[in-house]
Amino acid sequence: MAALTDLTIAEAGAALEKGDFTARELTDAYLSAMETARGLNAYIEETPERAQAMADASDARRAGGKAEGPLDGIPLAIKDLFCTEGALSTAGSHILEGFRPTYESTVTQNLWDAGAVMLGKVNMDEFAMGSANITSHYGPTLNPWKASSGDNAGKDLVPGGSSGGSAAAVAARIAAGATGTDTGGSIRQPGAFCGIVGLKPTYGRCSRWGVIAFASSLDQAGPIARSVEDSAIMLGGMAGFDPKDSTSVDLPVPDYAAALTGDIRGLRVGVPAEYRMDGTPPEIEALWQQGVAWLRDAGAEIVDISLPHTKYALPAYYIVAPAEASSNLARYDGMRYGLRVEGEDLTDTYERTRAEGFGHEVQRRVMIGTYVLSAGYYDAYYLKAQRVRTRIADDFKAAWDSCDVILTPTTPSAAFALGEKQDDPIAMYLNDIFTVPASMAGLPAISVPAGLSADGLPLGLHLIAPAFGEETLLRAAHVLEGAAGFDVQP
Amino acid sequence: MALDTDTVRRIAKLARLHVEEDALAPLADELNNILGWVEQLDEVDTEGAEPMTSVVEMVQRLRVDVVTDGHVQDKVLANAPAEADGFFVVPRVIE
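Residues numbered from 1 in each chain as written. Chains lettered and ligands numbered in written order. Predicted model: local features only at pLDDT ≥ 70, side-chain atom pairs only at ≥ 80, totals over all residues. Heavy atoms only, no water.

**Notes on helix α9 (residues 310-328) of chain A**
All names here are of chain A. For α9, built from 19 residues, the straight-helix expectation of 27 Å at 1.5 Å per residue is met to within 8% by its first-to-last C-alpha distance of 27 Å. At alanine 316, α9 shows its strongest bend, of approximately 30°. Taking burial as the measure, the 19 residues of α9 include 17 buried ones, the bulk of the element. (Helix = DSSP H or I, 4+ residues; strand = E, 2+ residues; numbered from the N terminus. Expected span 1.5 Å × (residues − 1). Bend = angle between axes of the 7 residues up to and from the residue. Buried < 20%, exposed > 50% of the residue type's maximum accessible area, 1.4 Å probe, protein only.)

Pasting the structure below:
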């Protein structure tokens with residue numbers, strides 16, 4: 001039999017149900033794999049005792065005929081942005097070092113209620129601000145993949161970000177699945193870089209309560225997993241209405257796994273002309289065309305569409321997100337929790353606490369956000385960006401008249417080397433050029449591993465669906481996954 | 001609208017971030033680089049486009065106006081950098 005840690009969530013769930021092994025055995029297999037993979041720096045804190053207790057409880061439930069469902073006994077990694085009661089929750093920041101919440105986020109509580117097991121908290125870019133997992137106070141996470149040729153052959157590569165620890169852990173088989181959060185691409189881009197599936201649900205589908213806030217109008221939790229089916233199972237466990245989040249949408253949670261029928265005949269797949277950008281490497285373009293061919297061969301109808309404001313999504317995002325971040329991060333003042341650096345007086349204490357507690361990228365974004373919200377600049381920057389955001393959302397609304405899903409590349413490149421793009425914020429921001437538009441419009445989107453670059457690194461294809469169209473999205477992604485047959489491991 | 005060091009100093013004060021004098025100029029350069037890049041938004045005709053404040057079309061929910069939690073003083077104080085007798089201890093606010 002294959003190693004327990006090689007099984008997908010669906011396979012492990014079926015085996016647990018049959019009694020092939022126990023949740024404790026599965027959890028112990030992951031805990032020992034985690035020990036040997038510590039060089040990746042994927043986990044900020046491992047929680048082995050809690051994991052074993054949760055696994056034992058799962059086995060007891062199953063023995064009593066009261067197993068909860070497909071997630072019961074499945075070991076998961078939790079992004080450090082989720083507040084977990086009694087377990088370190090730092091958002092990758094020095095300012096929250098040692099912070100142990102006295103409450104549990106709704107999404108993680110939903111997962112524990114479904115029987116899932118927590119392996120630990122995984123690394124991330126500080127406050128989810130980054131695309132390479134290099135802004136974490138706890139050091140970079142490494143991508144388990146290595147380039148086989150080219151300039152980066154053998155070098156340490158970034159896993160993408162901000163959910164870099166989540167993606168690296170799932171790809172390296174040190175978690176069966178992981179939670180992530182996506183504000184501008186933070187689930188999908190690391191999913192693509194690590195050769196796994198990353199799903200950002202519709203804004204409002206998963207509760208934001210207890211998820212440390214970055215940009216509240218964009219933040220959305222979602223699953224990172226090794227297959228589309230696993231993503232569907234995890235989303236079912238994470239999603240749901242929550243009165244504690246005022247933007248949580250009160251809609252029933254469908255059986256997402258049941259949507260994977262394998263049949264996309266007649267599905268209209270939009271291919272947006274504006275995603276064909278200058279400087280996109282030919283291998284990204286070629287993979288995109290291959291994806292179009294796969295979906296056409298499966299019976300989909302391919303439709304050329306236009307999303308005219310695509311190129312403005314990223315600059316608009318870099319006004320809206322920092323503005324919201326500067327407001328959200330005002331709470332870190334050293335008074336009630338987290339780091340406090342004593343100064344000469346109250347204001348000096350605030351200023352020194354925040355200067356020492358926040359890393360450089362976070363400070364840069366807080367400064368940008370404060371500036372665009374300040375008197376005299378609010379209309380020119382912030383209101384303008386919000387109006388552009390409306391234009392972007394309207395582009396998608398018009399597109400849904402002629403298509404049911406949209407296919408694009410996930411990223412403009414494969415994973416790059418640690419240290420690359422570090423000194424050029426805009427080059428780093430451009431990683432999210434294909435993922436940000438769906439974020440700005442609040443739409444569900446998924447990255448599916450679809451092929452390898454010339455240097456042997458994974459590349460993803462990206463599907464976008466209308467709001468609350470997760471079932472269609474997953475159905476199309478499942479067909480794409482089957483056609484691509486991506487079965488390479490790092 | 002290029003930022004000078006005086007503006008950066010003012011923004012840092014608003015953001016409650018301590019920035020050393022010799023860090024102001026490099027920070028101004030970084031911020032100007034980003035702001036220069038976002039200025040391409042001026043190309044977009046936004047006449048008649050409402051500023052988006054919520055991406056989901058929903059009516060703001062109201063809940064019943066009753067107390068739903070409380071009596072969790074120990075939990076509230078659990079992560080305090082300094083506390084005494086059930087209170088947060090903070091630097092002197094009024095001189």
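**Some remarks on the packing of helix α11 (residues 360-373) of chain A against helix α1 (residues 5-14) of chain B**
Following both chains from N to C, one finds α11 of chain A and α1 of chain B inclined at 100°, their axes separated by 9 Å at the closest point. Comparing their axes, α1 of chain B and α11 of chain A come out roughly perpendicular. From α11 of chain A, Met367, Thr370 and Tyr371 of chain A reach across to α1 of chain B, where they touch Thr7, Val8, Ile11, Ala12 and Leu14 of chain B. (Axes fitted to C-alpha atoms, helices over the stretch in contact; angles between N-to-C directions. Parallel < 35°, antiparallel > 145°, perpendicular 65-115°, else oblique. Contact = heavy atoms within 4.5 Å.)

**Examining the interface of chain B and chain A**
Tallying the contact residues gives 53 residues for chain B and 70 residues for chain A. Counting the surface lost from both chain B and chain A, the interface buries some 5,300 Å², and carbon and sulfur atoms represent 66% of this. In this assembly, chain B and chain A are joined by three salt bridges. Glutamate 43 of chain B is the partner of lysine 311 of chain A in a salt bridge, and the nearest nitrogen-oxygen pair spans 3.7 Å. Summed over the shared surface of chain B and chain A, the number is 21 residue pairs in polar contact (both at pLDDT 80 or more). Within the residue set of the side of chain B that touches chain A, elements represented by two or more residues are α1 and α2 (21-38) of chain B. Class assignment for the residues of the side of chain B that touches chain A results in 31 nonpolar, eight polar and 14 charged. (Buried area = accessible area lost by both parts, 1.4 Å probe. Salt bridge = Lys/Arg side-chain N within 4 Å of Asp/Glu carboxyl O. Polar contact = N/O pair within 3.5 Å; in protein donor to acceptor, adjacent residues only side chain to side chain. Nonpolar A, V, L, I, M, F, W, Y, C, P; charged D, E, K, R; others polar.)

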